[in-house]
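Each chain, letter by letter, is given below.
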Amino acid sequence: MPQLRALIFDVDGTLADTERDGHRVAFNRAFAEAGLDWDWSIELYGKLLEVTGGKERILFYIDSYQPPFDSPAELKPWIASLHAAKTRHYKQLLNEGVIPLRPGVKRLLEEARAAGMRLAIATTTTPENVSTLLETALAPDGCDWFEAIGAGDVVPHKKPAPDIYLHVLKRLNLPPEECLAFEDSQQGLQSSLGAGLKTVITLNDYTRDHNFAHANLVLDQFGEPTAPFKVVSGTTGEAQYFDLALAESLHQLP
Ligand code: XBP
Ligand code: MG
(Lines give C-alpha, C1' and ligand atoms only; values in the text may rest on other atoms or scores of the structure.)
(Ligands and ions follow the chains in the order given, each with its own letter.)
Protein backbone atom coordinates (compact mmCIF):
# COMPACT_ATOMS: atom_id res chain seq x y z
CA MET A 1 0.00 0.00 0.00
CA PRO A 2 1.46 3.44 -0.90
CA GLN A 3 2.27 5.74 2.02
CA LEU A 4 0.12 8.80 2.72
CA ARG A 5 2.33 11.79 1.88
CA ALA A 6 0.01 14.77 1.34
CA LEU A 7 -3.35 16.21 2.33
CA ILE A 8 -5.04 18.38 -0.29
CA PHE A 9 -7.76 20.77 0.88
CA ASP A 10 -10.60 22.57 -0.85
CA VAL A 11 -11.13 26.04 0.66
CA ASP A 12 -14.71 27.33 0.35
CA GLY A 13 -16.99 25.28 2.56
CA THR A 14 -14.15 23.00 3.73
CA LEU A 15 -11.53 25.14 5.49
CA ALA A 16 -14.14 27.80 6.27
CA ASP A 17 -17.84 28.48 5.74
CA THR A 18 -17.16 31.29 3.31
CA GLU A 19 -20.14 31.20 0.99
CA ARG A 20 -23.26 32.53 2.79
CA ASP A 21 -21.70 35.32 4.87
CA GLY A 22 -18.60 35.93 2.76
CA HIS A 23 -18.79 35.45 -1.00
CA ARG A 24 -22.57 36.04 -1.20
CA VAL A 25 -22.39 39.30 0.75
CA ALA A 26 -19.41 40.46 -1.33
CA PHE A 27 -21.26 39.78 -4.58
CA ASN A 28 -24.25 41.79 -3.34
CA ARG A 29 -22.01 44.70 -2.27
CA ALA A 30 -20.36 44.74 -5.70
CA PHE A 31 -23.77 44.70 -7.42
CA ALA A 32 -25.02 47.63 -5.32
CA GLU A 33 -21.82 49.57 -5.96
CA ALA A 34 -22.31 49.06 -9.73
CA GLY A 35 -25.88 50.37 -9.52
CA LEU A 36 -27.46 46.95 -10.17
CA ASP A 37 -30.62 45.97 -8.31
CA TRP A 38 -29.53 42.32 -8.10
CA ASP A 39 -29.76 40.77 -4.65
CA TRP A 40 -28.63 37.19 -4.11
CA SER A 41 -30.68 35.82 -1.18
CA ILE A 42 -29.36 32.96 0.94
CA GLU A 43 -31.73 30.62 -0.86
CA LEU A 44 -31.00 31.80 -4.41
CA TYR A 45 -27.28 31.64 -3.70
CA GLY A 46 -27.66 27.94 -2.87
CA LYS A 47 -28.93 27.39 -6.42
CA LEU A 48 -26.20 29.55 -7.96
CA LEU A 49 -23.53 27.51 -6.18
CA GLU A 50 -24.21 24.81 -8.74
CA VAL A 51 -21.81 26.81 -10.91
CA THR A 52 -18.32 27.08 -9.43
CA GLY A 53 -16.27 30.23 -9.95
CA GLY A 54 -17.51 33.75 -9.31
CA LYS A 55 -17.26 35.07 -12.88
CA GLU A 56 -18.93 31.92 -14.20
CA ARG A 57 -21.65 32.27 -11.52
CA ILE A 58 -22.43 35.87 -12.58
CA LEU A 59 -22.74 34.76 -16.22
CA PHE A 60 -25.00 31.86 -15.22
CA TYR A 61 -27.18 34.28 -13.22
CA ILE A 62 -27.51 36.65 -16.17
CA ASP A 63 -28.43 33.78 -18.50
CA SER A 64 -30.83 32.04 -16.11
CA TYR A 65 -32.39 34.71 -13.93
CA GLN A 66 -32.06 38.08 -15.62
CA PRO A 67 -33.50 37.83 -19.12
CA PRO A 68 -33.78 40.14 -20.86
CA PHE A 69 -30.69 41.76 -19.34
CA ASP A 70 -29.40 44.62 -21.42
CA SER A 71 -25.86 43.36 -21.16
CA PRO A 72 -22.87 45.48 -22.14
CA ALA A 73 -21.42 44.72 -25.58
CA GLU A 74 -18.19 43.54 -23.98
CA LEU A 75 -19.76 41.17 -21.46
CA LYS A 76 -16.65 39.28 -20.33
CA PRO A 77 -14.54 42.32 -19.35
CA TRP A 78 -17.63 43.85 -17.70
CA ILE A 79 -18.10 40.70 -15.61
CA ALA A 80 -14.37 40.65 -14.84
CA SER A 81 -14.48 44.18 -13.44
CA LEU A 82 -17.67 43.48 -11.46
CA HIS A 83 -15.93 40.38 -10.09
CA ALA A 84 -12.79 42.37 -9.19
CA ALA A 85 -15.01 44.61 -7.04
CA LYS A 86 -16.52 41.50 -5.46
CA THR A 87 -13.01 40.22 -4.62
CA ARG A 88 -12.20 43.59 -2.97
CA HIS A 89 -15.34 43.37 -0.81
CA TYR A 90 -14.67 39.72 0.03
CA LYS A 91 -11.12 40.45 1.20
CA GLN A 92 -12.44 43.33 3.29
CA LEU A 93 -14.87 40.95 5.03
CA LEU A 94 -12.02 38.51 5.70
CA ASN A 95 -9.86 41.31 7.09
CA GLU A 96 -12.73 42.22 9.43
CA GLY A 97 -12.52 38.64 10.79
CA VAL A 98 -16.07 37.76 9.76
CA ILE A 99 -15.13 34.23 8.62
CA PRO A 100 -13.39 31.84 11.04
CA LEU A 101 -11.95 28.45 10.09
CA ARG A 102 -14.30 25.50 10.59
CA PRO A 103 -13.95 23.45 13.80
CA GLY A 104 -10.93 21.16 13.80
CA VAL A 105 -9.25 22.68 10.75
CA LYS A 106 -6.41 24.47 12.52
CA ARG A 107 -5.81 21.53 14.87
CA LEU A 108 -5.59 19.09 11.93
CA LEU A 109 -3.28 21.37 9.93
CA GLU A 110 -1.01 21.89 12.94
CA GLU A 111 -0.82 18.16 13.62
CA ALA A 112 -0.09 17.39 9.97
CA ARG A 113 2.61 20.04 9.78
CA ALA A 114 4.28 18.82 12.97
CA ALA A 115 4.32 15.28 11.53
CA GLY A 116 5.94 16.41 8.28
CA MET A 117 2.83 15.64 6.21
CA ARG A 118 2.83 17.67 3.01
CA LEU A 119 -0.09 20.11 2.62
CA ALA A 120 -1.72 21.61 -0.47
CA ILE A 121 -4.80 23.48 -1.62
CA ALA A 122 -7.01 22.87 -4.67
CA THR A 123 -9.75 25.47 -5.05
CA THR A 124 -11.87 27.30 -7.56
CA THR A 125 -11.70 30.62 -5.78
CA THR A 126 -9.44 33.56 -6.65
CA PRO A 127 -5.83 33.15 -5.34
CA GLU A 128 -5.86 36.38 -3.30
CA ASN A 129 -9.01 35.15 -1.49
CA VAL A 130 -7.07 32.08 -0.36
CA SER A 131 -4.03 34.00 0.87
CA THR A 132 -6.20 36.53 2.71
CA LEU A 133 -8.21 33.77 4.42
CA LEU A 134 -5.07 31.87 5.46
CA GLU A 135 -3.35 35.01 6.77
CA THR A 136 -6.37 36.29 8.68
CA ALA A 137 -7.94 33.07 9.98
CA LEU A 138 -5.03 30.59 10.21
CA ALA A 139 -1.75 32.40 10.89
CA PRO A 140 0.19 35.39 9.52
CA ASP A 141 2.44 32.87 7.70
CA GLY A 142 -0.53 30.61 6.85
CA CYS A 143 0.28 30.50 3.12
CA ASP A 144 3.70 29.01 3.88
CA TRP A 145 2.06 26.02 5.55
CA PHE A 146 1.04 24.82 2.06
CA GLU A 147 3.56 23.56 -0.44
CA ALA A 148 1.23 24.09 -3.40
CA ILE A 149 -1.79 26.39 -3.69
CA GLY A 150 -3.78 25.73 -6.87
CA ALA A 151 -6.52 28.34 -7.26
CA GLY A 152 -8.87 30.10 -9.67
CA ASP A 153 -8.06 30.57 -13.34
CA VAL A 154 -4.74 28.70 -13.22
CA VAL A 155 -6.48 25.80 -15.00
CA PRO A 156 -8.84 26.07 -17.99
CA HIS A 157 -11.71 24.12 -16.43
CA LYS A 158 -12.88 24.70 -12.85
CA LYS A 159 -14.50 22.07 -10.61
CA PRO A 160 -16.25 19.67 -11.24
CA ALA A 161 -13.47 19.10 -13.81
CA PRO A 162 -10.46 17.34 -12.23
CA ASP A 163 -7.99 19.93 -13.62
CA ILE A 164 -7.18 21.77 -10.38
CA TYR A 165 -6.39 18.55 -8.49
CA LEU A 166 -4.29 17.27 -11.39
CA HIS A 167 -2.44 20.60 -11.39
CA VAL A 168 -1.72 20.33 -7.65
CA LEU A 169 -0.64 16.68 -7.90
CA LYS A 170 1.80 17.71 -10.61
CA ARG A 171 3.14 20.53 -8.41
CA LEU A 172 3.58 18.05 -5.54
CA ASN A 173 5.05 15.49 -7.93
CA LEU A 174 2.93 12.79 -6.25
CA PRO A 175 0.50 10.19 -7.59
CA PRO A 176 -3.11 10.41 -6.31
CA GLU A 177 -2.63 7.12 -4.40
CA GLU A 178 -0.29 8.93 -1.98
CA CYS A 179 -2.70 11.76 -1.17
CA LEU A 180 -6.05 12.37 0.51
CA ALA A 181 -8.46 15.14 -0.57
CA PHE A 182 -10.92 17.12 1.59
CA GLU A 183 -14.07 18.57 0.06
CA ASP A 184 -17.52 19.83 1.02
CA SER A 185 -19.53 19.67 -2.21
CA GLN A 186 -20.65 17.34 -4.97
CA GLN A 187 -18.81 19.42 -7.58
CA GLY A 188 -15.65 19.28 -5.49
CA LEU A 189 -15.98 15.53 -4.96
CA GLN A 190 -16.45 14.97 -8.68
CA SER A 191 -13.25 16.93 -9.25
CA SER A 192 -11.16 15.05 -6.68
CA LEU A 193 -12.49 11.63 -7.68
CA GLY A 194 -11.83 12.52 -11.30
CA ALA A 195 -8.19 13.04 -10.36
CA GLY A 196 -8.13 9.60 -8.67
CA LEU A 197 -8.08 10.85 -5.05
CA LYS A 198 -9.67 9.27 -2.01
CA THR A 199 -11.86 11.97 -0.53
CA VAL A 200 -13.24 12.98 2.87
CA ILE A 201 -16.34 15.21 2.94
CA THR A 202 -17.30 17.64 5.68
CA LEU A 203 -20.87 18.83 5.09
CA ASN A 204 -22.25 22.33 5.40
CA ASP A 205 -25.71 23.86 5.12
CA TYR A 206 -25.44 24.35 1.37
CA THR A 207 -24.14 20.84 0.59
CA ARG A 208 -26.02 18.64 3.08
CA ASP A 209 -28.24 17.15 0.34
CA HIS A 210 -25.53 16.65 -2.30
CA ASN A 211 -24.70 13.18 -3.58
CA PHE A 212 -21.60 11.87 -1.80
CA ALA A 213 -22.12 8.20 -2.66
CA HIS A 214 -18.50 7.72 -3.77
CA ALA A 215 -16.79 9.61 -0.96
CA ASN A 216 -14.58 7.56 1.38
CA LEU A 217 -15.95 9.26 4.48
CA VAL A 218 -18.70 11.83 5.09
CA LEU A 219 -18.69 13.79 8.36
CA ASP A 220 -20.66 16.78 9.61
CA GLN A 221 -17.32 18.43 10.56
CA PHE A 222 -13.71 17.55 11.43
CA GLY A 223 -14.62 17.93 15.09
CA GLU A 224 -12.57 18.66 18.19
CA PRO A 225 -11.78 16.54 21.26
CA THR A 226 -14.49 18.48 23.10
CA ALA A 227 -16.95 18.53 20.16
CA PRO A 228 -16.98 15.17 18.33
CA PHE A 229 -17.96 14.78 14.68
CA LYS A 230 -21.06 12.93 13.51
CA VAL A 231 -20.44 10.22 10.93
CA VAL A 232 -22.83 10.36 7.96
CA SER A 233 -21.19 7.48 6.07
CA GLY A 234 -17.93 5.56 6.24
CA THR A 235 -15.80 4.00 8.97
CA THR A 236 -14.05 5.90 11.73
CA GLY A 237 -13.38 3.18 14.34
CA GLU A 238 -13.05 4.68 17.79
CA ALA A 239 -12.19 8.16 16.52
CA GLN A 240 -14.23 11.10 17.85
CA TYR A 241 -12.57 13.79 15.74
CA PHE A 242 -10.60 13.79 12.49
CA ASP A 243 -6.87 13.53 13.04
CA LEU A 244 -3.83 12.23 11.20
CA ALA A 245 -4.28 8.70 12.54
CA LEU A 246 -7.76 8.59 10.99
CA ALA A 247 -6.40 10.02 7.73
CA GLU A 248 -3.75 7.25 7.68
CA SER A 249 -6.27 4.50 8.42
CA LEU A 250 -8.69 5.74 5.74
CA HIS A 251 -5.85 5.84 3.28
CA GLN A 252 -5.08 2.17 4.04
CA LEU A 253 -8.63 1.04 3.20
CA PRO A 254 -9.05 -0.62 -0.22
C1 XBP B 1 -15.78 27.66 -4.56
C2 XBP B 1 -16.43 28.54 -5.48
C3 XBP B 1 -15.94 29.88 -5.63
C4 XBP B 1 -16.44 30.93 -4.69
C5 XBP B 1 -16.22 32.27 -5.31
O6 XBP B 1 -15.88 26.32 -5.03
O7 XBP B 1 -17.32 28.16 -6.20
O8 XBP B 1 -16.34 30.25 -6.90
O9 XBP B 1 -17.83 30.78 -4.42
O10 XBP B 1 -14.92 32.48 -5.65
P11 XBP B 1 -14.96 25.18 -4.43
P12 XBP B 1 -14.51 33.55 -6.80
O13 XBP B 1 -15.10 25.24 -2.94
O14 XBP B 1 -15.55 23.90 -4.96
O15 XBP B 1 -13.56 25.41 -4.91
O16 XBP B 1 -15.58 34.59 -6.83
O17 XBP B 1 -13.18 34.10 -6.37
O18 XBP B 1 -14.43 32.80 -8.11
MG1 MG C 1 -15.92 23.82 -1.56
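Hey, could you run me through the side chain of T14 in this one?
Structurally, T14 is set in the loop between β1 (6–9) and α1 (19–33). Within polar-contact distance, the side chain of T14 engages the side chain of D10 at 2.8 Å.

I'm lost on the site of ligand 1 in this one. Help?
Residues in close proximity to ligand 1 total 18 residues, the closest being G54, R57, H83, K86 and T126. A distance of 2.8 Å separates an oxygen atom of ligand 1 from a polar atom in the backbone of G53. H83 places a side-chain nitrogen or oxygen 2.7 Å from an oxygen atom of ligand 1. Here ligand 1 is seated within the largest pocket. Mapped by element, the contributors of at least two residues to the shell around ligand 1 are α1, α3 (54–65) and α4 (75–95). Composition of the shell around ligand 1 by domain shows at least three residues from each of domain 1 (6–17 + 101–252) and domain 2 (19–95).

I tried to follow the domain arrangement of the chain on my own but got confused; where do I start?
For an interface, size is often stated in terms of accessible area lost upon the parts coming together. Partitioning the chain into domains gives domain 1 (6–17 + 101–252) and domain 2 (19–95). Carbon and sulfur atoms supply 51% of the area buried between domain 1 and domain 2, which totals about 1400 Å² over both sides. Scanning the region where domain 1 abuts domain 2 turns up three salt bridges. Close ionic contact of K91 with E128 constitutes a salt bridge, the shortest N to O distance being 2.5 Å. Our count for the contact surface shared by domain 1 and domain 2 stands at seven residue pairs in polar contact (both at pLDDT 80 or more). Residue contributions to the side of domain 1 that touches domain 2 peak at five residues, all from helix α6 (residues 127–138). Taken together, the residues of the side of domain 1 that touches domain 2 sort by class into two nonpolar, seven polar and six charged.

I tried to follow the coordination of the magnesium ion (ligand 2) on my own but got confused; where do I start?
For a metal with four tetrahedral donors the ideal donor-metal-donor angle is 109.5 degrees, whereas six octahedral donors ideally subtend 90 or 180 degrees. Surrounding the magnesium ion (ligand 2) are the protein donor atoms D10 (OD), D12 (O) and D184 (OD), which sit 2.1 to 2.2 Å from the metal. Along the chain, the residues donating to the magnesium ion (ligand 2) fall in the pattern D-x1-D-x171-D. One end of the pair, D12, is in the loop between β1 and α1; the other, D184, is in the loop between β4 (179–183) and α8 (186–194), and 172 residues separate them in sequence. Assessed through its relative accessible area of 6%, D184 is described here as buried.

Could you clarify how one ought to interpret the layout of surface pockets in this entry?
Sizing a probe to match a water molecule and rolling it over the atoms shows the empty space that remains. Quantified by volume, the largest pocket comes out at close to 710 Å³. As for the largest pocket, its lining consists of 42 residues, of which D12, E19, L49, R57 and D184 are closest to the centre. If you list the elements that add at least two residues to the lining of the largest pocket, you get α1, α2 (42–48), α3, α4, α6 and α8. Among the residues forming the lining of the largest pocket, the class breakdown is five nonpolar, 20 polar and 17 charged. Among the domains, domain 1 (6–17 + 101–252) and domain 2 (19–95) are the pair contributing at least three residues each to the lining of the largest pocket.

Looking at this structure, I do not really get the packing of α4 against α6. What am I missing?
Their axes nearest at 9 Å, the elements α4 and α6 cross at an angle of 5°. Taken together, the axes of α4 and α6 are roughly parallel relative to one another. Residue-level inspection shows K86, T87, Y90, K91, L94 and N95 of α4 in contact with α6, the latter providing E128, N129, T132, L133 and T136. Split into classes, the residues belonging to the contact of α4 with α6 amount to three nonpolar, five polar and three charged.

Hey, could you run me through the pairing of β1 in this one?
The side chains of a regular strand alternate, first on one face of the sheet and then on the other. With burial as the criterion, each face of β1 is covered, one bearing A6 and I8 and the other bearing L7 and F9. In terms of strand pairing, β1 meets strand β2 (residues 118–123) through four bridges, oriented parallel. Paired with L7 across the strands is L119, a residue of β2. Bridge analysis of β1 against β4 gives four bridges, and the strand direction is parallel. Bridge assignment links A6 to a residue of β4, and that residue is C179.

Parameters and conventions
- Residues numbered from 1 in each chain as written.
- Chains lettered and ligands numbered in written order.
- Predicted model: local features only at pLDDT ≥ 70, side-chain atom pairs only at ≥ 80, totals over all residues.
- Heavy atoms only, no water.
- Helix = DSSP H or I, 4+ residues; strand = E, 2+ residues; numbered from the N terminus.
- Polar contact = N/O pair within 3.5 Å; in protein donor to acceptor, adjacent residues only side chain to side chain.
- Near = heavy atom within 4 Å.
- 1 Å grid on protein atoms, 1.4 Å probe; cavity = no way out; pocket = protein on both sides within 12 Å on 5 of 7 lines; lining within 4 Å.
- Sits in = over half its atoms within 2 Å of the grid points.
- Domains from an automatic or database assignment.
- Buried area = accessible area lost by both parts, 1.4 Å probe.
- Salt bridge = Lys/Arg side-chain N within 4 Å of Asp/Glu carboxyl O.
- Nonpolar A, V, L, I, M, F, W, Y, C, P; charged D, E, K, R; others polar.
- Donors = N, O, S within 2.8 Å, 3.2 Å for Na, K, Ca; no water.
- Buried < 20%, exposed > 50% of the residue type's maximum accessible area, 1.4 Å probe, protein only.
- Points joined across faces, edges and corners; volume = space filled by probe spheres on them.
- Axes fitted to C-alpha atoms, helices over the stretch in contact; angles between N-to-C directions.
- Parallel < 35°, antiparallel > 145°, perpendicular 65-115°, else oblique.
- Contact = heavy atoms within 4.5 Å.
- Pairing = 2+ DSSP bridges.

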